[in-house]
Structures are given as structure tokens and as C-alpha cells.
Amino acid sequence: MFRRAVSHAWDRVLRPTLLAVGVTLGVAVTYFVAAQPGLAVALPSGNVSAVWPAAGVALIAVLCLGRWGLAGAWLGHVLVNLYVFGRQGQQVPSTAAFALAGAVATGAAAEALLNCVLLRRWADTRHRDPTEFLQRVSGVFTFVSAALAAAAIAAGIGTVSMCVGGKVAWSDFGFTWCTWVVGDAIGVLLVTPLLLPRRRGGPSEASADAPRAELATARRRRRAVAWEAAAVFVSLVALGFVVFELPGSGSLGRPALAFLYIPALVWTALRFGSRGAGAAVAVMSALALCATLTGSGPFVRAGTHQSGMHESLLLLQLFVGAGSLTALAMAAAVAEHRDAAGVVQRMNADLEQRIAARTSELESANRTLRHEISRKAEILQSYLRDMADRKRAESALLQSEQRFRIAAASATDLIYDWDVGGGDLQWFGEIDKYLGYSPGQFPRTLKAWEEVIHPDDRSRVTASLEHSLQTGATFCEEYRVLRKGGGVGYWIDRGASVQPDGGVAAAGHTLRFVGAVTDVTARRLAENTLRATDERLRRQNAALVEVTRRHAAVVEDLPAAVNAVTETAARTLEVERVSVWLFDPQKTKIRCIDLFQRTPARHTAGLELEAAHYPAYFKSLEQDNTIAANDVHADPRTREFSQAYLTPLGITSMLDAPIRVGGRTVGVLCNEHVGPQRQWTVDEQSFADSITNLVAVALEAHERRRAEQALTEHQKALLDQQHAAAERQQHAEQLERERLALKDAVAAMEQVLGVVGHELRTPLAALRAISEFLLSDDARATREWEVFLRNLNDEVVRMSDTVDALLEAARLNSGQAKWNWTEFDLGQACDGALEPARPLVNASRVALTCRVEPPDARMRGDADAVRRLVTNLVTNARKHTTDGGIEVAAQLLDEEVEGVRRRWVQLHVSDTGSGIPPEIVERLGEAFALNAGVVGARHVSGTGLGIAICKGIVEAHGGEMTIDSAPGRGTTVLVRLWADLDGPVKGPGKGELLGGLALAGEEEDAAGNPGDGAAVEAAGVQTAAPVVPAVVPATGVIATGVIATGEAA
Amino acid sequence: VSTVLVVDDMPIFRDPIAASLRLAGYETLCAADGAAALTLARVRRPDVVLLDVSMPVMDGFTCLRDMRRDPRLADVPVILLTAASDRKFVIEAGKLGVKDYLLKSRFSLEDLLARVRKYAQPRPALRNTGTG
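Residues numbered from 1 in each chain as written. Chains lettered and ligands numbered in written order. Predicted model: local features only at pLDDT ≥ 70, side-chain atom pairs only at ≥ 80, totals over all residues. Heavy atoms only, no water.

**With respect to the overall build of chain B**
Worth spelling out the cut-off: Starting at the N terminus, helices and strands are each numbered in turn, a helix being any DSSP run of H or I of at least four residues and a strand any DSSP run of E of at least two. Using a 1.4 Å probe on the protein chains alone, a residue whose accessible area is under 20% of its type maximum counts as buried, one over 50% counts as exposed, and one in between counts as partly exposed. Pairs of residues are marked as contacts when any of their non-hydrogen atoms sit within 4.5 Å. Only the protein chains shown count as cover for residues, with accessible areas throughout obtained via the Shrake-Rupley method and a probe of 1.4 Å.
Helices and strands together make up the secondary structure of chain B, namely six helices and five strands. Overall, chain B shows an N-to-C arrangement of helices and strands of β-α-β-α-β-α-β-α-β-α-α. By residue count, 58% of the 132 residues in chain B fall in the buried class. Considering only contacts within chain B whose residues lie at least 6 apart along the sequence, 64% involve residues at least 24 apart. Approximately 5600 Å² of chain B is accessible, and the part contributed by carbon and sulfur atoms is 53%.

This is the structure in C-alpha cells:
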């Protein structure tokens, strides 16, 4: 402990401190010594010297030794100053002296520091050795410039300090400063090249392990250099004596001679570099100094001793400076050149080396290529023999087998020697190790050997051995051996019987049996693994192909597709449980959409796992990694399931592959193995990955189908809406039509009601007038009494007829008319129709004729209806006719219609009356048309019911009615009736003929007057007969009205 | 003797009215249309005219208008005999100075006689000397 602490203290504290103190002191001493020559030639005041090599020492100290060098320089300068002060007579240095010494020393230290900083900065020495600047021309000039600049500043500080300290008069400031600058700068220039440490890694150092010849060459070269250096030195000294006229002859010498030194300096610089140049300059300056001090040489100036000396020294220094600069620059140029040459040489060597390496690489590649080509050719041959990859693999196996055979022949792991007679079996080699025994434990007997042979191989091997012993043939078998502690080894065993003399034994006389065993376990196991992998891959491929095919068929059906995948995965990977889980949209849980268990084979689904409970597993899933957990209880990703899930189900290994759709993880395929732990192989993992793609495809198809369904439903809904809208529109249109029809019906009904009012109410008023008249007491006395009574009766009858006509029209219109369909005599019918009209016609000036052809014509139909038809037509004609005649003509005709002979009746009723205006002709057939159209035109009065009823009758007989009429020209009504119909043609539809009249008729019937309706109905057409008389008397009255009145008057 | 002109195209209505008026002591004139009525009225100016509206040849309205234009007939009182549907003629007639009208649908002889009596007095003698 203590030793270590001491050692630690030494290393960390003591040694650096001692080093720093040593360096400081060493530098100080060196500085002091170097200052001595300067002091020797100092100015008379002793404070400033034109020669100051100590400045160079300070620079070197700072440059190479750092801050402690700086401190040493400072200390040295202080000592020098104190020494100077002491020599000047100050026995005990005063405080001021100390301060002055310190200030001047600080100036000197600052000079060294500044010089160093400038050098580092200007000479770009940051990334190189700081001492290398003299090796470059630019560095030399930087060096000189830095020296001058630093010296200028140091001289400034020093001179000011001196002046302040009273050592130098202010009047001498400029001169002192100049001297100081030159002295320091030259000192630096002289000393630095000499003291700069040697460049590291120089060419001479690389020759340590160089060949002997090179060493000899180098030695020879060094010797030559030494000789040359000596020669240079001698010549420099000799020159010094010549130029500076040494020893001090007192003569002033010839300055031009100084130039003789230039070639010498150049020579030195060229041959010996900056250091040599520095040395040469030093020698030269030393000689020059000696000469100058002794008053000879070219630099000596006349004058007062002091000033002359000083001027001489300055001149000398300038010469030295110039020489030094020249030599250093030259040396640097040479060094640069040499460096460049060295670089080129190194590059060249490097290039050559690289070329050589590349060449060897190419050669190697070439060899490999050639080898490869030959191998490829082999493979190609086997490929040509066989067809597919599998064949190639087999070929490779075969090759491997062959190689192995060769190897086995040459390599032997164990050798045995069996004394057949004695039974000993001697093993050479590590038999115990091969069989898993401790050394020497395996019994050296044949029996022991036989027992370690795998039971399946044992009989074969012993039989073969027996055969070999019998026949003397070589024994060669491969068999398995059982290792102690489990495991199987594969041995190839070759042996042969030998005679004691070493020859191979003849059959049957074997005494010894010698053989060699090669342990091929590793190879066999590798082969087995290879075969197993191969088999597994083949199975996986087949499974993938099959499931893909199945999948393609059911990809539209997600559950079926997923079932196919889980079943295939379970079978191929031989795992107990395979399940597919899908994330919910927030990825907070996964839900099992299918779990397939192999025993018993069944599918379930529905389980959910929440991400919050199994963070590690879900994190791993999110990172899209396949989770191959050989030991689920140890694997950090699946450990969380251990207690709740894995242990109860007995799951030991899991292989979970994420399902990705569109670059997103949407679920996971879990393969869970039950039983001994599984080591998931790479191919099993990649199979699991592959099969998840099928799930992804099914999911995508499922999503797509759902989207399509939604779209279809949406479209259907739209169509439904459109249909509904169209239906509503149709419904609305239908309603509008019905509304309009109803409106028409109401209008028609109002019209009918109006007519009814007019036709029934007006006569009622008349009836009331008559009846009131008759009831009056005076009336019975009058002649008119009887007439009015008859009129009363007539009017009642007429009204009754009108009501009948209305009801009949309503019946015809509503299709409720009852027809009495018979075959009848047309002539009789016509006569019957004219009968009621005839007396009245006879009474007028109107001629009524009737003609039927043939006279016995018969037709089928409703006789009463036809009679009514004729009656109505005649009655109408009678209404409009006051003069001329009415002609009725009925003719039975037959005609071919569509290949069938048909009979029909053509009926004319024509008159010579007033005729009907065309606008009214158009509306004939509509009930009450006449009244509605010609209100107030009482001369054509009538309900119009007559024509409407006629039209209904004609239509029931399948005929048609046309009216030809014009005012003043009379009217002809032409009616055609089928004479051979078996029954009425479908009557006119409700509302077609009479508008709302049918409703009125029904209402009337429904209104509680069935008795009257039935009576009228029963009365039928007979009651229609008196229609005509109601009109005719009226005409008569009109005709006679005025006259009658006149009579009355 | 007050004379009443009865104008109606329907004799079955016209005749009992005329007979009743005669019994009541009026002299009556009968016409079946407007034209005949005008002719009669010009021949013998009546004291009252009972005028039907809807008639052939010349309707009651035209007849009335022509009567009003005839200075001799302009101030003859007119009672309109009208069905409900002729109401617009009643209004027109009112403008032509017709004071009274009778609805045929609410016809009553007593009512008629009362209205006629407003404009013309009957001849009482007739009633008294009525024949058997």
C-alpha cells in the first residue's frame, strides 16, 4: 500500500515537480552561460550587447520545453541582469534592481514566447513537428521575421525598463533599442539552427534492420560525410584566417573578401542542411568576432574605441545575419527538395508495392477463377446428367462423400491391434475420449468393443468381421457407436488380419487383426442435419405450394383461407397450436380469429390479449420482428405469458411471425409448440414468414370484398330511393288524374243536377199551379177545369218518363242494364215503336213513314230496346220537325266480315226539320247535351237523355250511330246494328256515357227507393212509350197559344 | 179593367196562371215567347206583365229590354217568372226597373195574385158575377 502510494505520489506529483524545477534550473544555467559571450562584447554601459546568443537559447527552451523552459529563460535573464548589476558595483542588489531585472527578463521571456507563437502560427507548425520550420524556405523567412518582430518587442520592453531604471539615458533610447534588436535577432538566428533537436524518423534511423550491405553502404557514406565535414571546417577556418586576417594583425582588411564566405556557406548548406549551415555560420561569426574584437578584419571601424567597436560589431552582426539567412534559406530549399524527392520515392515505392499486391491478387483471383471454372464445368456436367437443383445437391453430396472417402483413407483417428487368439484388443489413440470415458476406463476387450456398437449395426459389423477373419478379406465397415453418457458416434473401421511377421494372414489362420478407425461423427451429423433440413425445406415448399393452391380457391372466404393457413402451418412446422391474431384499430389488443389445435384437430377463436398486459411482446410485434422463442419461459419477449398462458397449455417454444398488410403490421401468426423445446431453424422462420403473406392476402381480399359490398349496397339503396321517388311521382300523377276525373265527374253531376232541377222542378211548379187552380172553389165552374186536369195527368206522365229515362241512362251507363236477348221480327218492333207517336203525328202536318226490308226481317237482340231506340229517334225527329215528313227505314243486310258472313241492320231516321247546329251534333250522345249547350233555346229542348239512351242501346248491339245534320236541311240518323249477336256487347263503361250520372242513379237507388227503382225497371221500356205525347201537345199549344189567348180575350 | 200579360213558353204553366188571374178578375193576355209578348203588348198595353225568362225565339230579358225602349211600354210593371238558374237575369232586370220576381221552384198562386194586386186592381164584378 505504502509503496504504491509513494509510487503514485512520485508519478503524479514529485516527479513532474522535480522535472519542472530541473528544467527551469537547467535552462536558467544554460541561458546564463550563453549570455556570457554577449556580456563580453556588451556596450560600455554593460547593459546592451550586439551579440546575444542567449535569445536563441530562450527560444529553443520555450519551443521544446514549454512553460518550464520559459520560466528557466526568465530566471536565467534575471540572473544575468543581477550579475551585470553586481559587476557594475552594486554589492547588494536593491529592490529596484530586482524589479528592473525582472522587467527586462520578462521582456526577454516575452520575446521567446512571442517568437515561438509567431513561429507556430506563421510557419503553420500546428500539425507538424514545431522544430521543422527550418526545413522549408518559407519557414526560414518566417523564422527570421518572427525573430525580428519578437526582438523588436523585447528590445522595446527592455530598453524602456532600462531607461526607467536609469541604466540607459533616454537620449540613447533609439540606439540602444537598435542594438538590442540586432543582438537578439542575430543571437536567435545563430543559435537556433545549432540547438534545434534532430528531426525524428530520419532516413538513418530506418536502417536498423536493413540488410548488411545497406548498413555497410550507410557506414561508408557516414564516413565520407565526416571527411567532407572536416574538409568544410578546415576550409571555413582557413577562410576565416584569410578574410578576417587572423590572428589580429591590426590591419583593417578588405571588406570584399567577406564574400569569399558565401560559396563556403552555400556548400555547407547544400551538403549538411540547416544544422551544418548553422554550424558554419557559428564558426564564421566566432572567427569574425575574434578578429573584430582584436581590431582586425573588414568590419573594424575607426573612431573612438567604444563607438567604433560598437559600429564594427553591428556591421559584423549584419554580415553574420545575411550569411546565416542565405545559408539557412539554401539549406531549407535543399531540404524541401529532398523531402519532395523522398515523397516521390515513397509514393513510387508505395505504388510499386500496390501494383505487386494487385498483381498477386489478380493471380490469386485468376487461380480461383480457373478453379471455379473447372468446378463449374464439373457441376455443369452433373447438371446435364440430372435436371434440377435437387440433383445438383445430390451430386454435391456425392462429391462430398468421395472427398470423405479419400480423407478417411488418409486420416485415422484410432488404430487397434487385436490379438485374435488371446482376446486382447489394444487401442492406439484416444479411444476413451472418443467413447466418452475417462482415460484408461474403456475396457480393452473385443466384447467391450462389440457392446459399444449400436444394436442396429452390431450383427452386421460382427458378421463382416467374422467374414474377414474367415476369408482374410479387408474388413471395412461404417457403424455407429454408443458413447458413454448418451450420444452416438459414427466410425469407419478398416482392418485386416496380419501374421506375426507382418504379412497379411491367409484365410482362416488369423492370429492378429489390425485396423484403423476414423471417427466421422461430425461429418455424419452434419450430413444428417443437411438431409433433415433438405427434407424440411422440401416439405415446407410442398406445403406452401399446396396451401397457396387451396388458398387461391378460398381467398374470398376469409375464415376458410385462415383455416387453411393454420392447418398447413401446424402440419408443416409440426407444432401443436397455430393461431392467427389481428390487432384492433387502436393496436391496444389482439384478437384470435382462428386457433387450430392438432390434437384433436379443431378450430376455435375469440380469445383476446391486451397490449397493456404484455408490453414486451407487443413492442416486439410493433417492431415487425419475427419472434422465434426457443424457450418461451426464458425469452424476454414471451416470458410475460409464462404463468397465465404458456404453462397451463404446456407451450415450450413459440414462433410468431407478424402479418403485414400494406406495410403495416395488422396481426400475428403464432406457432406454439408443446413438448420438448424446439430450436427454430432459419428455414422454419422464413416458412412462418411466407405463410403469413397468405393471411395478409386473404385479409386484403376480405377488406376489398367488404368495401365492394358496401358500395353495392349503397348503389342499391340509391336505386331504391330513385324507384321510390318514381313511384311517388307516378302515384302523385295517378292521384292528379283521379282528382281531375273526379272534378269532371262532379262538374257533370252538377250539370245533371241542374238539368234534373230544370226538367223536374219546373214541371212541378206547373203542377202546383194547376193543382192550386183546380183546388180553388171557382175553378170547377170554369170550362178549363177538365183540360187542366188532363194537363196535370200528362205532365205527371211526362215527368215519370223523364225519371225513367234518367234511370235507364244510369243503368246503361253503369253496365247494369238487363237485356232480354231474343230473336224478333224487326218490322213488328218498328211498328210497335211508331205506334205511340202515330196519332200525334197524324194530328200534325208531319208525314210519318216506315219501311222495313225485307218485311219479314228478323234479328237477334233486345226487342224492347230496339223499339225504344226507334221511338226515341222518331221522337227527337218530331221535336225538330214542324213541316214535311219523318222517314224510318230499316234494312237487313249481310256482308262478309273477316271470312264470316254477318247479318246486320241498317236503320235510317230522317226528317225535314230545322236541323241541328254542328257544335251540338258533336255533343249528341252526352246526357243533357242539348240543355247544357243551348240553355234557353227551348225549341230544341229535351234532356238529351233520349240520344244517350239510343247510343247505349246501339253499342249493346255492337253497332254504331252517326248523325248527319245541318240547320235548315233536316237531320238523318244512321244506325247500324249487328243482327246475329248471341248477347249484348259489353256495355259502355261507368262514367263514359253519362259522366257522374251513374253515381246519381245509384244514390237514388240506395236512397231507399228500391220499390220505385224495381218497378221502373220491371216496367222497362213500355213506360218509355208515352214520351212523345208529352211533347206534341206542347207544340200544339204554342201553335195555338196566341189564338187561344185571343179566344180567351 | 186591369189587363195582365202572361208570357211563358210552357202552356202547362202559363194556362193555369192565366185561368187563375181571370178567375181573380183580371183580363189576361198569353204569349209563348218574347216576340209574341211584345206584339201583344203593343196592341193592347197591359197593366202588368208576368214574364218568363227562358223562352225560345226571344227570351224574357230581350223582351223586357225592348219593352223599356218602347215609350208606351216603358213604365209597365213587370214581374219576372224565373227558375233558380235565371238569377243573373233577375239582377239585369233589376237594372231595367223590374220590381218583383217569382221563383218557379217556390211557386204559389196566392203569392202570384198578391204581387199582381200590388200593381193592378182586379175587377170585382167578375168574381161576383162568376159563371158556373
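Here the narrative resumes, following the displayed structure.
**Focus: the pattern of salt bridges**
Residue and element names in this part refer to chain A. We apply this condition: We define a salt bridge as a side-chain nitrogen of Lys or Arg found within 4 Å of a carboxyl oxygen belonging to Asp or Glu.
For the structure shown, the criterion picks out 44 salt bridges over all chains. Here Arg901 and Glu896 are joined by a salt bridge, their closest N and O atoms 3.1 Å apart. For Arg901, a relative accessible area of 52% corresponds to the exposed category. According to the relative accessible area criterion, Glu896 is partly exposed, its value standing at 46%. Measuring nitrogen to oxygen at the nearest pair gives 3.0 Å for the salt bridge that ties Arg902 to Asp980. In this pair, Arg902 sits in strand E17 (residues 900-911) while Asp980 sits in the loop between strand E19 (970-978) and helix H26 (997-1006), placing the two residues 78 residues apart along the sequence. Through salt bridges with shared partners, a single ionic network connects Asp457, Arg460, Glu477 and Arg480.

**Let's talk about the sheet that holds strand E5 (residues 100-103) of chain B**
Note: strands within a sheet are paired through backbone hydrogen bonds, in either parallel or antiparallel orientation. Residue and element names in this part refer to chain B. Which entries qualify depends on this criterion: Between any two strands, at least two bridges found by DSSP are needed for them to pair. Inter-axis angles, ranging from 0 to 180 degrees, are taken between N-to-C directions of lines fitted to C-alpha atoms, where helices are fitted over the stretch in contact.
Pairing within the open sheet is parallel, and its five strands lie in the order E2-E1-E3-E4-E5. Looking at strand neighbours, the two that pair on one side only are strand E2 (27-31) and E5, the edges of this open sheet. For this sheet, the mean angle separating the axes of adjacent strands, direction not counted, is 20°. Sheet analysis places strand E1 (residues 3-7) next to E2, joined by five bridges and oriented parallel. From the neighbouring strand, Thr3 faces E2, where its bridge partner is Glu27.

**Here we look at the sheet that holds E19(A)**
Residue and element names in this part refer to chain A. Read from one edge of the open sheet, five strands run E14-E16-E17-E19-E18, paired in mixed fashion. Each edge of the open sheet is held by one strand with a lone partner, namely strand E14 (846-853) and strand E18 (960-966). Strand-to-strand, the axes of this sheet are offset by a mean angle of 15°, without reference to chain direction. Looking at chain direction, E14 and strand E16 (residues 884-897) are connected through eight bridges and run parallel.

**Considerations on helix H8 (residues 261-293) of chain A**
The cut-off we apply is this: For a helix, the expected span equals 1.5 Å multiplied by the number of residues minus one.
For H8(A), built from 33 residues, the straight-helix expectation of 48 Å at 1.5 Å per residue is missed by more than 12%, its first-to-last C-alpha distance being only 19 Å. Looking one or two places after H8(A), you find Gly295(A), whose phi comes out positive at around 85°.

**What to know about the nonpolar core**
Selection rule: Residue types Ala, Val, Leu, Ile, Met, Phe, Trp, Tyr and Cys, when buried and joined through side-chain atoms within 4.5 Å, form a set referred to as a nonpolar core.
Core analysis: the largest hydrophobic core is formed by 70 residues, its most contacted members being Tyr31(A), Trp52(A), Phe143(A), Phe244(A), Tyr261(A) and Met284(A). One finds Leu806(A), Phe824(A), Ala857(A) and Ala863(A) within the second-largest nonpolar core, a separate group that totals 43 residues.

**Thoughts on the side chain of Ser468(A)**
In this structure, Ser468(A) sits in helix H13 (residues 455-471). Among all residues touching Ser468(A), those that are not within four sequence positions of it are Ala473(A), Thr474(A), Phe475(A), Ser497(A) and Phe513(A).

**A look at a nonpolar patch on the surface**
Definition in use: Patch construction takes residues with relative accessible area above 30% that form no salt bridge. Like charges are linked within 9 Å, and nonpolar side chains (Val, Leu, Ile, Met, Phe, Trp, Tyr) are linked within 5 Å.
On the surface, Trp10(A), Val13(A), Leu14(A) and Leu18(A) cluster together into a nonpolar patch covering about 390 Å² of accessible area. Here Leu18(A) shows up in helix H1 (residues 2-40).

**A closer look at the packing of helix H2 (residues 54-65) of chain A against helix H6 (residues 173-195) of chain A**
All names here are of chain A. To be explicit about the condition: These descriptions rest on fixed angle ranges, namely under 35 degrees for roughly parallel, over 145 for roughly antiparallel, 65 to 115 for roughly perpendicular, and the rest for oblique. Should the near helix be turned counterclockwise from the far one by less than a right angle, the crossing is left-handed, whereas a clockwise turn marks it as right-handed.
Axis separation between H2 and H6 bottoms out at 6 Å; the angle between their running directions is 55°. Compared by their axis directions, H2 and H6 come out oblique. Helix-helix and strand crossings are classified by hand; for H2 and H6 the assignment is right-handed. Residue-level contacts link Ala55, Gly56, Val57, Leu59 and Ile60 of H2 to Asp184, Gly187, Val188, Val191, Thr192 and Leu195 of H6.

**Some points on the packing of aromatic side chains**
Residues and elements named next belong to chain A. Here is the rule we go by: Side-chain rings of Phe, Tyr and Trp (the six-membered ring for Trp) are treated as a pair once their centres are within 6.5 Å; stacked means planes under 30 degrees apart, edge-to-face means over 60, and tilted covers the remaining angles. Throughout this description, the term charge over a ring refers to an Arg CZ or Lys NZ atom that lies within 6 Å of the ring centre and within 35 degrees of the ring normal.
For the structure shown, the criterion picks out 16 aromatic pairs over all chains. Ring geometry for Phe475 versus Phe513: centroids 6.1 Å apart, planes at 65°, classification edge-to-face. You can see Phe475 sitting in strand E3 (residues 475-482) and its partner Phe513 sitting in strand E5 (residues 512-519), a full 38 residues away along the chain. Of the two residues, Phe475 and Phe513, neither departs from the other in class, the shared state being buried. Relative to Phe641, the ring of Tyr614 has its centre 4.4 Å away and its plane inclined at 25°; by these criteria the two rings are stacked. Here Tyr614, found in the loop between strand E9 (608-610) and helix H16 (615-622), pairs with Phe641, found in the loop between strand E10 (627-629) and helix H17 (642-649); they are 27 residues apart in sequence, far enough to count as distant. Residue Tyr614 is classed as buried on the basis of its relative accessible area, which comes to 12%. The lysine or arginine in question, Lys433, covers the ring of Tyr434, its NZ or CZ lying 5.2 Å from the ring centre. In this structure, Lys587 packs its charged tip against the face of Phe583, placed 4.9 Å from the ring centre.

**Regarding the confidence of the model for chain B**
Residues and elements named next belong to chain B. Here is the rule: Per-residue confidence from the predictor is reported as pLDDT, a score between 0 and 100.
Confidence along chain B averages 83 in pLDDT terms, with 90% of residues attaining 70 or more. Between the elements of chain B, mean pLDDT differs from a low of 51, seen in helix H6 (residues 124-128), to a high of 92, seen in E1. Scored by ipTM, the complex comes to 0.81, with pTM at 0.34.

**Re the environment of Met859(A)**
Residues and elements named next belong to chain A. Looking at the element boundaries, Met859 is found in strand E15 (residues 858-862). Using a relative accessible area of 0% as the deciding quantity, one classes Met859 as buried. As for Met859 and Glu823, which are separated by 36 residues in sequence, their C-alpha atoms are 5.4 Å apart.

**Points about the pairing of strand E6 (residues 577-583) of chain A**
Residue and element names in this part refer to chain A. Summarising burial for E6: seven of the seven residues are buried, a large majority. Going residue by residue along E6, you find Arg577, Ser579, Trp581 and Phe583 tucked away on one face and Val578, Val580 and Leu582 tucked away on the opposite face as well. Across seven bridges, the pairing between E6 and strand E7 (residues 589-597) is antiparallel. In the sheet register, Val580 faces E7, and the bridge partner there is Asp594. Hairpin geometry of E6 and E7 is characterised by an intervening segment of five residues between the two adjacent antiparallel strands and by a positive phi of about 60° at Lys587. Pairing geometry for E6 and strand E12 (residues 664-674), over six bridges, is antiparallel. Its bridge partner lying in E12, Arg577 is registered against Glu672.

**A few points about the confidence of the model for chain A**
Low pLDDT marks regions whose predicted coordinates should not be analysed in detail. All names here are of chain A. Overall, the prediction assigns chain A a mean pLDDT of 76, with 80% of residues at 70 or greater. Looking over chain A, one finds the lowest element-wise mean pLDDT in helix H28 (residues 1027-1048), namely 31, and the highest in E6, namely 91. Low pLDDT, under 50, characterises residues 928-941; the stretch is placed with 36 contacts to residues that sit more than four places away or in other chains. Overall, residues 987-1049 carries pLDDT values under 50, and its contacts beyond four positions in sequence, including any with other chains, amount to 83 contacts.

**Focus: unusual backbone geometry**
All names here are of chain A. Each neighbour pair has its own omega, and for Thr599 with Pro600 the value is -10°, a cis peptide bond. Look at Glu574: it is not a glycine, yet its phi comes out positive at around 55°. Mapping Glu574 onto the fold places it in the loop between helix H15 (558-573) and E6. Take Glu574: its relative accessible area is 42%, and that puts it in the partly exposed class.

**Re the environment of Ser776(A)**
In this fold, Ser776(A) is placed in the loop between helix H18 (682-775) and helix H19 (784-814). Under the relative-accessibility criterion, Ser776(A) is labelled partly exposed at 26%.

**A word on the packing of H6(A) against H8(A)**
Residue and element names in this part refer to chain A. Rule in force here: Polarity classes work like this: nonpolar for Ala, Val, Leu, Ile, Met, Phe, Trp, Tyr, Cys and Pro, charged for Asp, Glu, Lys and Arg, and polar for all others, with Gly in that last group.
The geometry of H6 relative to H8 is characterised by a closest axis approach of 8 Å and an angle of 135° between their N-to-C directions. In terms of orientation, H6 lies oblique with respect to H8. Note that H6 runs across H8; the crossing there is left-handed. Residue-level contacts link Leu190, Pro193 and Leu194 of H6 to Ser274, Arg275, Gly278, Ala279, Val281, Ala282 and Ser285 of H8. In terms of residue class, the contact of H6 with H8 is made up of six nonpolar, three polar and one charged.

**Section: the pairing of E3(A)**
All names here are of chain A. Judged by which residues are buried, E3 turns out to be one-sided: Phe475, Glu477, Tyr479 and Val481 face inward and are buried, whereas Cys476, Glu478, Arg480 and Leu482, on the alternate face, are not. Relative to strand E4 (residues 488-498), E3 runs antiparallel, the two sharing eight bridges. If you follow Tyr479 over to E4, its bridge partner there is Trp491. Connecting E3 to the antiparallel partner E4 that follows it, the hairpin turn spans five residues, and Gly485 within it adopts a positive phi of roughly 80°.

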